[in-house]
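# Summary of structural features
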Amino acid sequence: MKNKPELLSPAGDMECLRSALSFGADAVFLAGKMFGMRSAPSNFDKTDLKAACELAHSMDKKIHLTCNILPRNSELDALPDFLSYAQEVGVDALIIADIGVFEAAKKYAPRVARHISTQAGVTNYMTAQTLYDMGASRVVLAREIPLSEVAEMRARLPKELEIECFVHGAMCVSFSGRCLISSYMTGRDANHGDCAQPCRWKYHLFEEKREGQFFPVEEDDSGTYLYNSRDMCMIEHIPELVRAGVSSFKIEGRAKSAYYTAVTTNAYRHAIDEYFESGSETLSPWIKEELEKISHREYSTGFYFGTEPGQTTDNGGYIRRYDAVAVCEKSIDEATSVISQRNKFLVGDTLDVLPPSGIPFETVCERLINSDGEDVESAPHPTEVLTMKSDKPVPAGSVIRKKRTL
């Protein structure tokens, strides 16, 4: 049996970090307030970064810090302090796309492992070997590589060089995420983490002599989304990824919610462990079903097998079958728990619970009591703390969901 790969999960804030660690991540990748390729999340200031490292290390897990923008001249003066502080607080690895930043990391954070970002577009063993010779301990491969070529790279490279591959999440229509469409159309620089995602927009055709008249380019009545990539999902292909020699399975999503992080991390944790424990090539159905309980675009296997269409042409939005409605703060007894509400639900609703053990189950909400001790029929107020009576015990730390009615 091959070595068990690392499961690497995203975190845009401390809540997401705790979700990733609680539901089975071996390591978490996140960004500071500078130099990271996602500007939408709150990210981690110096105090939060130190706390993140302390929490992860107390659980024998790791923190990978993104330093993967393509910096401009004006940003470079802040780089030495950023790198030095990362080393000081115990960051385990830096994820880097730019060669100049890579060399600076050698100087200012020499004890921190250097990983090459997918933004660098590594697609062959010669480039990977060169980066290893320069001091990289891991390469995050471009998402455009077939799995057969990943396996060839593994066979040709030193075993000390780790290979990290994305296994789940949003795909960029542009090669290795190096896109200028957002900059041209909105002034928001994708290569600095501020992409407006114009690839997800709905477009129409105009004819130059018919001013003001547009001609829809349509697959159906909802239009066509020419550049809109499907999401990647490799949950059913853990054995192939392991046999190819992938060292780390990476889940995309630093701009997504703690709920997304919990569900995806839990699903891949169970899929990896199940394969290594049983050797079975067949995934338990409930694990795959979990990934239908998060918001997502149509799934595909990306470029790994080269057979599936990569674009979602009939809509630009997400598939949403479930809502996260609460988090269990405390379990009082077998029928009573204290919850923090996230979305509205009602007494009598059947709820889907994802406990810290990671095995989902259903329970019925039989009673809700507000902070004044009054019975209420629903939970309509965001983050309201309520006492819930249910027909099954709900463990502390559980995420509580409700299936949408179609």
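These notes cover the structure that comes with them. Given the structure is predicted, the values throughout are model-derived calculations rather than measurements.

### Some points on the side chain of Arg230
Counting through the fold element by element, Arg230 comes out in the loop between β9 (214–216) and β10 (231–233). One polar contact links Arg230 to Glu298, side chain to side chain, over a distance of 3.3 Å.

### Focus: the nonpolar core
Leu17, Leu30 and Tyr268 are the most contacted members of the largest nonpolar core, which totals 88 residues. The dominant element in this core, judged by the number of residues it contributes, is helix α9 (residues 258–278), at 11 residues. Excluding residues that lie within four positions of it along the chain, Leu17 makes contacts with Ala11, Val28, Leu30, Phe44, Ala52, Leu55 and Ile63. Core analysis: the next-biggest nonpolar cluster, separate from the first, contains 15 residues, Cys328, Phe345, Leu368 and Val376 among them.

### Observations regarding the pattern of salt bridges
One pass over the full model with this rule turns up 24 salt bridges. The salt bridge involving Arg321 is made with Glu292; its shortest N-O contact spans 2.4 Å. Residue Arg321 is found in the loop between β12 (299–300) and β13 (322–333), and its partner Glu292 is found in the loop between α10 (285–290) and β12; the two are separated by 29 residues along the sequence. Across the pair Asp375 and Arg367 runs a salt bridge, and its minimum N-O distance is 2.7 Å. With relative accessibility at 48%, the residue Asp375 sits in the partly exposed group. Given the relative accessible area of 34%, Arg367 is considered partly exposed. Each of Glu6, Arg138, Glu162, Glu164 and Lys250 takes part in a single network of salt bridges with overlapping partners.

### Description of the packing of helix α1 (residues 14–22) against helix α2 (residues 46–58)
Put simply, α1 and α2 touch, their axes get as near as 11 Å, and they point 10° apart. Here α2 runs roughly parallel to α1, going by the angle between their axes. Here Met14, Leu17, Arg18 and Leu21 of α1 come into contact with α2, specifically with Asp48, Ala51, Ala52, Leu55 and Ala56. Within the contact of α1 with α2, the residues separate by chemical class into 7 nonpolar, no polar and 2 charged.

### With respect to unusual backbone geometry
Positive phi values are uncommon outside glycine, yet Asp60 reaches one of about 60°. A relative accessible area of 73% places Asp60 in the exposed class.

### Some words on helix α6 (residues 147–156)
Taken as a whole, α6 has its buried residues at Leu147, Val150, Met153 and Arg154. Relative to the axis of α6, the buried residues are bounded by an arc of 110° and lie together on one face. Of the exposed residues in α6, the ones pointing more than 90 degrees away from its buried face are Ser148 and Ala155. Those residues of α6 that are buried are in contact with α5 (125–134), β7 (162–169) and α8 (238–244).

### Side note on the side chain of Glu252
Structurally, Glu252 can be placed in the loop between β11 (248–251) and α9. Only 3.3 Å separates the side chain of Glu252 from the side chain of Lys256, close enough to count as a polar contact.

### Observations regarding the packing of helix α3 (residues 79–89) against helix α4 (residues 99–108)
The relative placement of two packed helices is expressed as an angle between their axes plus a distance between the axes. Between α3 and α4, whose axes approach to 9 Å, the crossing angle comes to 55°. Here α3 lies oblique to α4, going by the angle between them. Handedness of the α3/α4 crossing: right-handed. Here Leu79, Pro80, Leu83, Ser84 and Gln87 of α3 lie close against α4, whose contacting residues are Val101, Ala104, Ala105 and Tyr108. Taken together, the residues of the contact of α3 with α4 sort by class into 7 nonpolar, 2 polar and no charged.

The rules we used
Residues numbered from 1 in each chain as written. Predicted model: local features only at pLDDT ≥ 70, side-chain atom pairs only at ≥ 80, totals over all residues. Heavy atoms only, no water. Helix = DSSP H or I, 4+ residues; strand = E, 2+ residues; numbered from the N terminus. Polar contact = N/O pair within 3.5 Å; in protein donor to acceptor, adjacent residues only side chain to side chain. Core = buried A, V, L, I, M, F, W, Y, C linked by side-chain atoms within 4.5 Å. Buried < 20%, exposed > 50% of the residue type's maximum accessible area, 1.4 Å probe, protein only. Contact = heavy atoms within 4.5 Å. Salt bridge = Lys/Arg side-chain N within 4 Å of Asp/Glu carboxyl O. Axes fitted to C-alpha atoms, helices over the stretch in contact; angles between N-to-C directions. Parallel < 35°, antiparallel > 145°, perpendicular 65-115°, else oblique. Nonpolar A, V, L, I, M, F, W, Y, C, P; charged D, E, K, R; others polar. Arc of directions from axis to C-beta. Left-handed = near helix turned anticlockwise from the far one by under 90°.

Keep in mind these values describe shape, not function.
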